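# Chain and residue survey
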Amino acid sequence: MGVKLYGLPMSTCTARALICLEEKQVDYEFLHVNLFTAQHKQPSFLSKNPFGQIPVLEDGDDLTIFESRAISTYIAEKYKNNNTTDLLRQGVLKEATLVKVWMEVEAQRYEPVIRPITYQHFVAPLSGKTSDQSIIDQNLEKLGKVLDVYEDKLSCTKYLAGDYYTLADLHHFPCTHYFMKTPYASLINSRPRVKAWWEDISSRPAFKKVAENMKYGKN
Ligand code: GS8
């Protein structure tokens, strides 16, 4: 039994785990979870993730984990020696710590403000609700402030944690991918360093492969 990932390719959290598996060139099996029939709320899935959410990763018979960032960190650690990009920089404590700092920034400051924008823009209309422009506007303002910090940081180093691509950059991929398809992409494009960073990381083969299956409706 090898590595199995349960999820949906269009789901941002699933994509975060998938892209790490692709970066590390892991041989894995992908199992679709049908959210529309609430497969993730059935006992067999709840035994894998009691919170009833995707993604879930199983490795062999004795490891079942959830939380996309914990999954990607596990993959990056387990396959650190397989001749692919070192995503964690564990050889040098200060570098590894900066990766953790920027992973926290993504989880605590970036995703909480970018996700409501893409949710209101794409997901609310798909589920028959009208998108709430006031939620979008409030979060655009907050996102702008976060991106100002990124612009400063990226004028000192090529990537967020330093001059090397790491898991901290990778974790930004799924929400930013959808955000760039909204009319608000100018928030990224108007900041030259952030724009160059996004163009760089989104041109990686692993990004492109996973992005092919990330679509909401026609977008
Ligand atoms: C969040 C998982 C999550 O929101 C993580 O893995 O990073 N912090 C967790 N999963 C969503 C899909 S995200 O695209 C999910 O499973 N939604 C269905 C539901 O909550 O019922």
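Conventions used here
Residues numbered from 1 in each chain as written. Predicted model: local features only at pLDDT ≥ 70, side-chain atom pairs only at ≥ 80, totals over all residues. Heavy atoms only, no water. Helix = DSSP H or I, 4+ residues; strand = E, 2+ residues; numbered from the N terminus. Buried < 20%, exposed > 50% of the residue type's maximum accessible area, 1.4 Å probe, protein only. Contact = heavy atoms within 4.5 Å. 1 Å grid on protein atoms, 1.4 Å probe; cavity = no way out; pocket = protein on both sides within 12 Å on 5 of 7 lines; lining within 4 Å. Points joined across faces, edges and corners; volume = space filled by probe spheres on them. Nonpolar A, V, L, I, M, F, W, Y, C, P; charged D, E, K, R; others polar. Domains from an automatic or database assignment. Buried area = accessible area lost by both parts, 1.4 Å probe. Salt bridge = Lys/Arg side-chain N within 4 Å of Asp/Glu carboxyl O. Polar contact = N/O pair within 3.5 Å; in protein donor to acceptor, adjacent residues only side chain to side chain.

## Looking at the environment of F45
Within the secondary structure layout, F45 lies in helix α2 (residues 43-46). Judged by relative accessible area, F45 falls into the buried class, the value being 4%. Note: C-alpha distance between F45 and V56 (11 residues apart in sequence) is 9.1 Å. Setting aside chain neighbours within four positions, we find F45 in contact with Y6, V33, Q39, H40, G52, Q53, I54 and V56.

## Considering the layout of surface pockets
Computed from the structure, the largest pocket encloses a volume of approximately 770 Å³. Forming the boundary of the largest pocket are 28 residues, of which S11, T12, C13, L35 and R115 lie nearest the centre. Of all elements in the fold, only α1 (12-23), α3 (68-78) and α4 (93-126) reach the threshold of two or more residues within the lining of the largest pocket. When residues in the lining of the largest pocket are grouped by element, the largest group, six residues, is from α4. The residue makeup of the lining of the largest pocket, split by class, is 13 nonpolar, nine polar and six charged. Each of domain 1 (3-78) and domain 2 (93-209) gives at least three residues to the lining of the largest pocket.

## Considering the domain arrangement of the protein
When cut into domains, the protein gives domain 1 (3-78) and domain 2 (93-209). Counting each side, the surface lost to burial between domain 1 and domain 2 is near 1300 Å², with a carbon and sulfur contribution of 62%. Considering only the surface of domain 1 that becomes buried against domain 2, I19, E23 and R69 emerge as the three largest contributors, covering 41% of it. Taken together, the links from domain 1 to domain 2 amount to six salt bridges. Of the charged contacts, one joins E106 and R16 as a salt bridge, the two residues approaching to 3.3 Å between their closest N and O atoms. For the interface between domain 1 and domain 2, the tally reads 10 residue pairs in polar contact (both at pLDDT 80 or more). Elements with a minimum of two residues in the side of domain 1 that touches domain 2: α1 and α3. Looking at which element gives the most residues to the side of domain 1 that touches domain 2, the answer is α1, with eight residues. Residue composition of the side of domain 1 that touches domain 2, by class: six nonpolar, three polar and four charged.

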